Amino acid sequence: MRLRPGSFSLRVPAQDLLLALFVTVMQVQGTIVLAAARGTEQRSLSDPGHLGFALLVLGGLAVAVRRRWPVAAFVTAGIASLVYYGLEFPDGYGWLGLLVSLYSVAAYGDGHRSLIVAGAGTGVLAAGWLYAAADVEPREAIGWVFFRIGVSVMSIALGESVRSRRVIAAEALLRAELAERTREEEARARVDAERLRIAREVHDTVAHAIAIINVQSGVTAHVLDKRPEQVREALRTIEQTSSRTLR
């Protein structure tokens, strides 16, 4: 599934890149601060080979392509999250990029199919998170799993709401443009009808005048030698009728 671009300007990738950098910094710095404050004996982010840092960075940078390839961004952030918690790295803000990507799947997808992908992905993530927290003690400490699940569902709902509003706005704009075209077509139809009416009136007027001229010409030819006065009257009628017709 691929984002169907609408008004995708050069500023949009730059905005998403800045957001991705911000999310990445928040994930890394926030996790370091929380891990230091808790002081729990969890795997260090630099063990092995700075893998924890790499997973946090990967999940954050996936946000950079969240509009153009929302599903790819979500899958990348989701895999990074599952591997991160599966290897028991310290809990922190490593879920920010995942939630932004999950929101983007619903907001920039195509509705039904994007919701299926988002829902199925959230189910897989929930199962992975629960498995990773299976041996956590005390049991109250796995509250972060249910928090992630709840926020994931909220992200999907928010993205779908934004997408629905965008679709409604686009449909309203389309209806307005259709109504405007309909009004223009009706106006052109009225103008064409008026032109046709005028053409018919002109046709009838000219036809009537030509008929009169034809009759008077015939009379003139018939009485030319016998009744000169009637010839004069017929010629005057022809002259007046032709003048009116020309006007």
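Before reading further, recall that the structure is shown in the block above.
Residues numbered from 1 in each chain as written. Predicted model: local features only at pLDDT ≥ 70, side-chain atom pairs only at ≥ 80, totals over all residues. Heavy atoms only, no water.

A.B. asks: Hey, could you run me through the overall build of the protein chain in this one?
C.D. replies: Summing up its helical and strand segments, the protein chain has 7 helices and 0 strands in all. Start at the N end of the protein chain and walk to the C end: the helices and strands fall as α-α-α-α-α-α-α. In the protein chain, buried positions account for 31% of the 247 residues. Expressed as a percentage of contacts within the protein chain between residues at least 6 apart in sequence, the contacts between residues at least 24 apart total 75%. Total accessible area computed for the protein chain in this model is approximately 15,400 Å², and 64% of it derives from carbon and sulfur atoms. (Helix = DSSP H or I, 4+ residues; strand = E, 2+ residues; numbered from the N terminus. Buried < 20%, exposed > 50% of the residue type's maximum accessible area, 1.4 Å probe, protein only. Contact = heavy atoms within 4.5 Å. Areas by Shrake-Rupley, 256 points an atom, 1.4 Å probe, with all protein chains shown as cover.)

A.B. asks: Would you take a moment to explain the pattern of salt bridges for this structure?
C.D. replies: Side-chain pairing between opposite charges can occur once the charged atoms of the two side chains come close. On inspection of all chains with the given rule, the structure shows 6 salt bridges. Where arginine 163 meets glutamate 160, a salt bridge forms, and the shortest distance between an N and an O atom there is 2.9 Å. In this pair, arginine 163 and glutamate 160 are both assigned in helix H6 (residues 143-223), 3 residues apart and thus about one turn of the helix distant. Since its relative accessible area comes to 16%, arginine 163 is described here as buried. A salt bridge links arginine 197 to glutamate 194, with the shortest nitrogen-to-oxygen separation between them at 2.4 Å. Remark: glutamate 194 and arginine 197 occur in helix H6; sequence separation between them is 3 residues, near one turn of the helix. Each member of the salt-bridge network shares a partner with another, and the members are Asp16, Arg66 and Arg67. (Salt bridge = Lys/Arg side-chain N within 4 Å of Asp/Glu carboxyl O.)

A.B. asks: Is there a simple way to think about helix H3 (residues 70-86) in this case?
C.D. replies: The end-to-end C-alpha distance of H3 is 24 Å, a good match for the 24 Å that 17 residues give at a rise of 1.5 Å each. Within H3, burial applies to Pro70, Val71, Ala73, Phe74, Ala77, Gly78, Ala80, Ser81, Tyr84 and Tyr85. (Expected span 1.5 Å × (residues − 1).)

A.B. asks: What should I look at first to understand the nonpolar core in this one?
C.D. replies: Side chains of nonpolar character tend, in soluble globular proteins, to be buried together. Phe74, Tyr84, Tyr85, Leu98, Trp129, Trp144 and Val145 are the most contacted members of the largest nonpolar core, which has 28 residues in total. Breaking this core down by element, the ones donating at least two residues are helix H2 (51-61), H3, helix H4 (96-108), helix H5 (112-132) and H6. Residue contacts for tryptophan 129: discarding those within four places in its chain leaves Ser81, Leu82, Tyr85, Leu98, Trp144, Val145, Arg148, Ile149 and Ser152. (Core = buried A, V, L, I, M, F, W, Y, C linked by side-chain atoms within 4.5 Å.)

A.B. asks: Got a minute to help me understand the packing of H4 against H5 in this structure?
C.D. replies: The description of two packed helices rests on the angle between their axes and on the distance between the axes. In contact at an axis separation of 8 Å, H4 and H5 are set at 155° when each is read in the N-to-C sense. Put simply, H4 runs roughly antiparallel to H5. Here H4 contributes Leu98, Leu102, Val105 and Ala106 to the contact with H5, which in turn contributes Ser114, Val117, Ala118, Thr122, Leu125 and Trp129. Looking at the contact of H4 with H5, its residues break down into 8 nonpolar, 2 polar and no charged. (Axes fitted to C-alpha atoms, helices over the stretch in contact; angles between N-to-C directions. Parallel < 35°, antiparallel > 145°, perpendicular 65-115°, else oblique. Nonpolar A, V, L, I, M, F, W, Y, C, P; charged D, E, K, R; others polar.)

A.B. asks: Where do I start with the environment of proline 90 in this structure?
C.D. replies: Positionally, proline 90 belongs in the loop between H3 and H4. Residue classification places proline 90 among the buried residues on the basis of a relative accessible area of 5%.

A.B. asks: Can you walk me through the packing of H3 against H5 in this structure?
C.D. replies: Close contact between H3 and H5 brings their axes to 9 Å; oriented N to C, the two are set at 10°. Put simply, H3 runs roughly parallel to H5. In this structure, H3 uses Val71, Phe74, Gly78, Ser81, Leu82, Tyr85 and Gly86 to contact H5, whose residues at the interface are Val117, Gly121, Thr122, Val124, Leu125, Gly128, Trp129 and Ala132. Residues belonging to the contact of H3 with H5 are distributed by class as follows: 9 nonpolar, 6 polar and no charged.

A.B. asks: Just to check I follow, could you spell out the side chain of serine 152 for this structure?
C.D. replies: Secondary-structure assignment places serine 152 in helix H6. On the basis of relative accessibility, which here comes to 1%, the residue serine 152 falls in the buried class. With sequence-adjacent residues up to four places away left out, serine 152 is seen in contact with Leu99, Leu102, Thr122 and Trp129.

A.B. asks: Explanation requested: the packing of aromatic side chains in the structure shown.
C.D. replies: Centre-to-centre distance and the angle between the planes together describe a pair of aromatic rings. Going through the model one piece at a time under the given rule, you end up with 4 aromatic pairs. Ring geometry for tyrosine 93 versus tryptophan 95: centroids 6.1 Å apart, planes at 45°, classification tilted. Relative to phenylalanine 147, the ring of tryptophan 95 lies with its centre 5.7 Å away and its plane at 80°, an arrangement referred to as edge-to-face. Of this pair, tryptophan 95 sits in the loop between H3 and H4 while phenylalanine 147 sits in helix H6, and the two are 52 residues apart along the sequence. Look at phenylalanine 147 and you get partly exposed, because its relative accessible area is 42%. An aromatic cluster is defined as three or more aromatic residues linked by ring pairs; in this entry it consists of Tyr84, Tyr85 and Phe89. If you follow arginine 68 out to its NZ or CZ, it ends over the ring of tryptophan 69, 5.9 Å from the centre. (Phe/Tyr/Trp six-rings, centres within 6.5 Å; stacked < 30°, edge-to-face > 60°. Lys NZ or Arg CZ within 6 Å of the ring centre and 35° of its normal.)

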